[in-house]
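Chain by chain, the residues:
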Amino acid sequence: MKKYDSYKDSGIEWMGQIPSHWKIMPIKHIKSKEEFAFVDGPFGSNLKSEHYIENGDVYVIESGFITTGKFLFKKFKTISLSHFETIKRSSCKEGDIIIAKIGFNFGMCAELPKLDKESVVSGNSLKITLDHNLLLNQIFIDLMNLAKNKNAYIGLVQETAQPALSLSGLNNFKLSVPPLSEQKMIADYLDRKCREIDAAVAKVEKELELLDELKQSEISKAVTKGLNPNVSFKPSGIDWIGQIPSHWEIIKVKHKYKMLTGFTPATKTPEYYDKENGYIWITIGDMNSEEIVDSINKISFKYISEFMPEISPKGSLLYSFKLSVGQVAFCGKDMYTNEAIATFLQNPEIDLKFLKYSSNLIINNANINIYGAPIMNQELIKNAPIVFPPLSEQKEIADYLDRRCGEIDSLKEKLKQKREKLQELRQSLISEVVTGKRKVI
């Protein structure tokens, strides 16, 4: 790795040493000299939901557009041109840099592309126009996003309901400034190298997407067609399933599976919860991709004695039917659940692992009610038609899918590790180059 001839202390902890001929400058000295070059969005009462209109003349640029470090096009909120005139100090244009001011991703920034309308930053954003005779946009963005990753903004954050960057603090925030001729070469080098890395990441993500599709295809085929390609078939009576093996059944869930649901008290009485000595209580927030579910939530003996909820025994299959509809997991021990989770109990005539793999059939066959988010109820689940093979085949299919999905998940894990290393390489490369640890000119 090439180095510069000599270095000096930058005086900035997260930056360390920089090349001796580079400068350190506060943002207030590298912003444009034009009026309102560095501003925040309008004060809350000056830009509220009542100001938003359909197909307005001016776009509102929110922090959510740039929290990844790149400008992501989403649906713009719009306002009228007349209201825009009252908050015009917060206007922004092509080539300006938008900085997230409020929320978890405060400090992340990206360049505003060319838009087909006037635009203004929202109250959760900042806008800066740089003096390009001093610092190029891409160098500024890379330095700012690096500072975010190194937790360099902590002293500039006001702790309110959500963390918020201080505009006055950012004005005095110092960055390294190489000579302009070097900046252009650095920007070109990083653009070329990052495009190569991004292309490699995109390839990995495409491979992950294809593996997800393969996994779902394997599951769908096995639970609706079985493992014997030479068996005779019959119509299932369900269009999207098509034919099923002749000796299989289509049944309603309630005819083969015993199901119970949990309970949540109407009040948040502290006496109902006991994190130290309580009993495990599963909520939909605990339902994720894990095979065995667990929770830090604990309910007290008082809760159990008053409401007498039914216990979900070890080995039962849990199925969430509100918000995260269709998430499944097994109970690793006896536990209780809330009212948004159905428990399928073990039965010698069924294999719950087969039900785990075929649980998507419940969603696809039931009429899901939508109240702002997907939601089902017990009756929809109980009356959902589902494919039901003989027990021996349920076990064979479940064992096959355990192996096959395990193979696919292993490949996915290797790809995720590869993606993580590529992303780390990208971040390390940017860090080394924009702080002068690596010479590229």
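See the structure shown above.
Let us look at the structure shown here. Computed from a predicted model, the values in this text were never measured in an experiment.

### A few points about the packing of aromatic side chains
Piece 1. This structure, assessed with the given rule, holds 19 aromatic pairs.
Piece 2. Taking 5.1 Å as the distance between ring centres and 80 degrees as the angle between the ring planes, the aromatic pair formed by Tyr 272 and Phe 307 counts as edge-to-face. Of this pair, Tyr 272 sits in the loop between strand 18 (259-261) and strand 19 (279-282) while Phe 307 is found in helix 6 (residues 301-307), placing the two residues 35 residues apart along the sequence.
Piece 3. When its relative accessible area of 28% is taken as the criterion, Phe 307 is described as partly exposed.
Piece 4. Judged by centre distance (6.2 Å) and plane angle (85 degrees), the rings of Tyr 319 and Phe 344 are edge-to-face.

### Digging into the sheet that holds strand 7 (residues 91-92)
Piece 1. Ordered by their spatial adjacency, 4 strands build an open sheet running 6-5-10-7, and the pairing between neighbours is mixed. Of all the strands in the sheet, the pair left with one neighbour each is strand 6 (77-79) and strand 7.

### Quick notes on the side chain of His 51
Piece 1. Turning to its location among the elements, His 51 is positioned in the loop between strand 4 (38-40) and strand 5 (58-61).
Piece 2. Sequence-distant contacts of His 51, that is, excluding residues within four places in its chain, are made with Ser 45, Asn 46, Thr 78, Ile 79 and His 83.

### A few points about the side chain of Ser 359
Piece 1. In this fold, Ser 359 is placed in the loop between helix 7 (352-358) and helix 8 (360-365).
Piece 2. On the basis of relative accessibility, which here comes to 4%, the residue Ser 359 falls in the buried class.
Piece 3. In this structure Ser 359 touches Tyr 319, Gly 326 and Val 328, once residues within four positions along its chain are discounted.

### Remarks on the sheet that holds strand 21 (residues 298-299)
Piece 1. With mixed pairing, the 3 strands of this open sheet are ordered in space as 21-19-24. If you trace the sheet from one side to the other, it starts and ends with strand 21 and strand 24 (336-337), each paired once.
Piece 2. In this sheet, strand 24 lies alongside strand 19 in parallel orientation, the contact comprising 2 bridges. Pairing of Trp 281 across the sheet is with Tyr 336, part of strand 24.

Here is what the cut-offs are and how they apply
Residues numbered from 1 in each chain as written. Predicted model: local features only at pLDDT ≥ 70, side-chain atom pairs only at ≥ 80, totals over all residues. Heavy atoms only, no water. Phe/Tyr/Trp six-rings, centres within 6.5 Å; stacked < 30°, edge-to-face > 60°. Helix = DSSP H or I, 4+ residues; strand = E, 2+ residues; numbered from the N terminus. Buried < 20%, exposed > 50% of the residue type's maximum accessible area, 1.4 Å probe, protein only. Pairing = 2+ DSSP bridges. Contact = heavy atoms within 4.5 Å.

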